[in-house]
Amino acid sequence: MSDNDTPETETDGGTGIVPPDDETPTWSERKERTEGLSRLTYEYFERARREDQDLRQESSYVERDVLGFPAWPHEMIRNLALTSFFVGMIVFLSATLPPEMMPPANSSSTPAVILPDWYLYWSFGLLKLGPLNPDLALLGGSKLMADRTYGVLANLVIVGAITIVPFLNKGAARRPVEQPFWAAVGVFGVTFAFTVSVLSVKNLVPMDSHLLFDLTFLLPFVAGFIAYAILKSMREGYMFTLNRRYYRLRPPK
Amino acid sequence: MSLEKKDEHDHKGWMEERELTVLEERYLTLLMWLDKRLRLVDYLELLEDLYYKVNMQMPKSHTEQYGLDNKFWYWYPLYALGSFSTIAYLVAAISGALLGFYYAPAAAGATGDPTVAFTSVTTIMQDLNFGYMLRSIHRWSAQVMTAAVFLHMLRVYFTGAYKEPRELNWIIGIVLISLTMVFGYSGYLLPWNQLSYWAGQIGVEMALSIPLAGEWTAQLLFGGFTLTQATLQRMYILHVFFLPFIVTGLIAVHIGIVWMQGIAEPH
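This one's a predicted model, so the numbers in the text were calculated from it and none came from an experiment.

**Re the overall build of chain A**
Here comes step 1: When helices and strands are counted, chain A shows 10 helices and 0 strands.
Here comes step 2: Walking chain A from its N terminus toward its C terminus, one meets helices and strands in the order α-α-α-α-α-α-α-α-α-α.
Here comes step 3: Sorting the 253 residues of chain A into buried and exposed places 28% on the buried side.
Here comes step 4: In chain A, 61% of the contacts between residues at least 6 apart in sequence involve partners at least 24 apart.
Here comes step 5: Carbon and sulfur atoms form 64% of the exposed surface of chain A, whose accessible area is close to 17500 Å².

**Re the nonpolar core**
Here comes step 1: Counting 84 residues, the largest nonpolar core has B:Tyr103, B:Trp170, B:Trp192 and B:Val247 as its most contacted members.
Here comes step 2: Counting residues per element, this core draws most heavily on helix α8 (residues 167–189) of chain B, which supplies 11 residues.

**What to know about the side chain of B:Lys163**
Here comes step 1: Looking at where B:Lys163 falls in the secondary structure, it is placed in the loop between α7 (131–158) and α8.
Here comes step 2: The side chain of B:Lys163 sits in the buried core without any salt bridge; A:Glu178 is the nearest counter-charge, 6.8 Å away.
Here comes step 3: A polar contact is formed between the side chain of B:Lys163 and the side chain of A:Gln179, at a distance of 3.2 Å.
Here comes step 4: Every residue in contact with B:Lys163, bar those within four places of it in the chain, is listed here: A:Asn169, A:Lys170, A:Gly171, A:Ala172, A:Ala173, A:Arg174 and A:Gln179.

**A word on the UniProt feature "transmembrane region" (unreviewed entry) in chain A**
Here comes step 1: The positions UniProt marks with the feature "transmembrane region" (unreviewed entry) are residues 80–98, 150–168, 180–199 and 211–231 of chain A.
Here comes step 2: Within the segment residues 180–199 of chain A, helix and strand shares are 100% and 0% respectively, and the terminal C-alpha atoms sit 28 Å apart.

**Here's the deal with the UniProt feature "transmembrane region" (unreviewed entry) in chain B**
Here comes step 1: Mapped onto this numbering, the UniProt entry annotates "transmembrane region" (unreviewed entry) at residues 78–104, 140–158, 170–188, 208–228 and 240–260 of chain B.
Here comes step 2: Taken end to end, residues 240–260 of chain B is 100% helix and 0% strand, and its first and last C-alpha atoms sit 30 Å apart.

**Remarks on the packing of helix α5 (residues 147–163) of chain A against α8(B)**
Here comes step 1: Their axes nearest at 9 Å, the elements α5(A) and α8(B) cross at an angle of 155 degrees. If you check the angle between α5(A) and α8(B), you find them roughly antiparallel. Facing α5(A), whose interface residues are A:Val159, A:Ile162 and A:Thr163, α8(B) presents B:Trp170, B:Ile171 and B:Ile174.
Here comes step 2: Among the residues making up the contact of α5(A) with α8(B), the classes are represented as 5 nonpolar, 1 polar and no charged.

**Description of helix α11 (residues 229–261) of chain B**
All names here are of chain B.
Here comes step 1: Taking 1.5 Å per residue, 33 residues should reach 48 Å; α11 reaches 46 Å between its end C-alpha atoms and fits that length.
Here comes step 2: Of all the bends in α11, the largest measures some 45 degrees and sits at leucine 243, one to four residues before the proline proline 244.
Here comes step 3: The set of residues buried in α11 consists of Thr231, Leu232, Met235, Tyr236, Leu238, His239, Leu243, Val247, Leu250, Ile251, His254 and Ile257.
Here comes step 4: One or two steps after α11, the chain reaches glycine 262, where phi turns positive at roughly 80 degrees.

**Considering the packing of aromatic side chains**
Here comes step 1: For the structure on display, the rule yields 18 aromatic pairs over all chains.
Here comes step 2: Judged by centre distance (3.9 Å) and plane angle (20 degrees), the rings of A:Phe86 and B:Phe84 are stacked. Taken together, the residues span two chains, with A:Phe86 in helix α3 (residues 71–96) and B:Phe84 in helix α5 (residues 81–100). Residues A:Phe86 and B:Phe84 agree in their burial class; the two are buried.
Here comes step 3: Aromatic pair B:Tyr162 and B:Trp170: ring centres 5.2 Å apart, planes at 50 degrees, arrangement tilted.
Here comes step 4: Of the residues examined, B:Tyr162 reaches a relative accessible area of 1% and is grouped as buried.
Here comes step 5: Given the relative accessible area of 7%, B:Trp170 is considered buried.
Here comes step 6: An aromatic cluster is built from A:Phe188, A:Phe192, A:Phe213, A:Phe217 and A:Phe221, whose rings are joined through pairwise contacts.

**Details of unusual backbone geometry**
Residue and element names in this part refer to chain B.
Here comes step 1: A positive phi angle is found at tryptophan 192, which is not glycine, with a value near 55 degrees.
Here comes step 2: Mapped onto the elements of the fold, tryptophan 192 is located in the loop between α8 and α9 (194–208).
Here comes step 3: For leucine 212, which is not a glycine, the phi torsion comes out positive at approximately 65 degrees.
Here comes step 4: Position of leucine 212 relative to the elements: it lies in the loop between α9 and α10 (214–222).

**A look at α5(A)**
Here comes step 1: Between its first and last C-alpha atoms α5(A) spans 24 Å; for 17 residues at 1.5 Å apiece the expected length is 24 Å, and the two agree.
Here comes step 2: Looking only at α5(A), the buried set comprises A:Thr149, A:Tyr150, A:Gly151, A:Val152, A:Ala154, A:Asn155 and A:Thr163.
Here comes step 3: Residues of α5(A) that are buried sit in contact with α4 (121–126) and α6 (165–168) of chain A together with α8 and α9 of chain B.

**Describing a nonpolar patch on the surface**
Here comes step 1: The grouping of A:Trp72, A:Met76, B:Leu44, B:Leu47, B:Leu50 and B:Val54 at the surface amounts to a nonpolar patch, some 640 Å² of accessible area in total.
Here comes step 2: Elements with a minimum of two residues in the nonpolar patch: α3 of chain A together with α3 (41–54) of chain B.
Here comes step 3: Tracing the chain through its elements places B:Leu47 in helix α3.

**A look at the side chain of A:Asn106**
All names here are of chain A.
Here comes step 1: One can find asparagine 106 in the loop between α3 and α4.
Here comes step 2: The class for asparagine 106 is buried, based on a relative accessible area of 16%.
Here comes step 3: A polar contact of 2.7 Å, which involves the side chain of asparagine 106, links it to the side chain of serine 108.

Calculation criteria
Residues numbered from 1 in each chain as written. Chains lettered and ligands numbered in written order. Predicted model: local features only at pLDDT ≥ 70, side-chain atom pairs only at ≥ 80, totals over all residues. Heavy atoms only, no water. Helix = DSSP H or I, 4+ residues; strand = E, 2+ residues; numbered from the N terminus. Buried < 20%, exposed > 50% of the residue type's maximum accessible area, 1.4 Å probe, protein only. Contact = heavy atoms within 4.5 Å. Areas by Shrake-Rupley, 256 points an atom, 1.4 Å probe, with all protein chains shown as cover. Core = buried A, V, L, I, M, F, W, Y, C linked by side-chain atoms within 4.5 Å. Lys, Arg positive; Asp, Glu negative; His and termini not counted. Salt bridge = Lys/Arg side-chain N within 4 Å of Asp/Glu carboxyl O. Polar contact = N/O pair within 3.5 Å; in protein donor to acceptor, adjacent residues only side chain to side chain. UniProt positions renumbered as here; feature names shortened; annotations may be inferred. Axes fitted to C-alpha atoms, helices over the stretch in contact; angles between N-to-C directions. Parallel < 35°, antiparallel > 145°, perpendicular 65-115°, else oblique. Nonpolar A, V, L, I, M, F, W, Y, C, P; charged D, E, K, R; others polar. Expected span 1.5 Å × (residues − 1). Bend = angle between axes of the 7 residues up to and from the residue. Phe/Tyr/Trp six-rings, centres within 6.5 Å; stacked < 30°, edge-to-face > 60°. Patch = residues over 30% accessible without salt bridge, like charges linked within 9 Å, V, L, I, M, F, W, Y side chains within 5 Å.

Structure, rendered in structure tokens:
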């Protein structure tokens, strides 16, 4: 076979990494060929798309006019302004309130006050819940688990409780007035985070430690009940009429 | 058939028969060169999409839609907390990388004598030009990030923004806030001063008190049951290697999901 006989397959001296047309399956062919899970995925996507279209066609929903600011430059300039403001705030704080110098680590002298950073106070406070750890009569008055295990478990319980909130509280309600109970739960949580943080630094608080311990659990309930009462009355009050127009637009399910 | 030579594929001829400026010609040549190797055509659609996204009209904000501009401050400050924490994270990352040039996580013990780690922090703060400011910025951006993340969570809770299509993002957010605190904790230990040491002590005890897996956890995170060089080194690697990758990735996913789902309509 001489060079002249070679069919001219190259168009412009290309690298030839393009698959030949007649062997490349079209999308519908690919869809037909696939099996198992990928086939199921295709089928589901097709169904979902059809469902969307049906819903769109049969609904009386009128698309809102969503034209607003262009992303460039309006939004970008706004974002830059916000960013420089916030960065400036951080720089201002660091210039005025620099970190203090501490003595080097020494295992032989325990400092009077041992503290983590402030954002871990709540977790630190949960480690001090020893008095709540039940001692079981079955075990001869001894505790089921050590106090510190109990404290670590309390951390997990709280994080877990926060995690499952979206699966407990469903529905279209968004504002605290629309859902006084869940808002009250939130106020309870915030207050508890605060009081348990105070409990964690109890040797710095000028108060009887038993009273402090009781207040730690009492105050959150008080705050929660007050929040609930206030929101309930607001719901009946002027806020509701003020926002009636909004509720007409998007009635709570 | 694709095997036949077609005129349309004679790109050189096509270029010559058109009257192109030098700039256009150079551009086309470069484009063809790249296309032949990287199949840019396949990505053209993506680029086009990107172009329209960049020039997208932002949807009307809540204030615009309901004509609230005159009733409230235009930029609801509470809705900026998420981006505020991201900004603080970036500032912390940059200042942290600069601090990393001067910090050495070495020779940790707890005899009361300054260790290498402690001395390097002292050097940064006392001898290095702007070192005090640098550490201050790093520390404050970390504090601000944590505070903003906490407040962001409260905002999301009280406006019910975690509801139905957004449960996944709420869970990612909880993982992120936890990792932020681990970030803060591991950073708190690095100067190896008295507070670091005793905070580390509490950490080891917490790890040890986990049922069954306690000793294993303490070994993994703190490199032993007492605080040694291994502890400092592990905290350092956690702080500058593992957490930055994980947290940055999760933040990207978190923001990506917000982008896909849209901001929960504020009230």
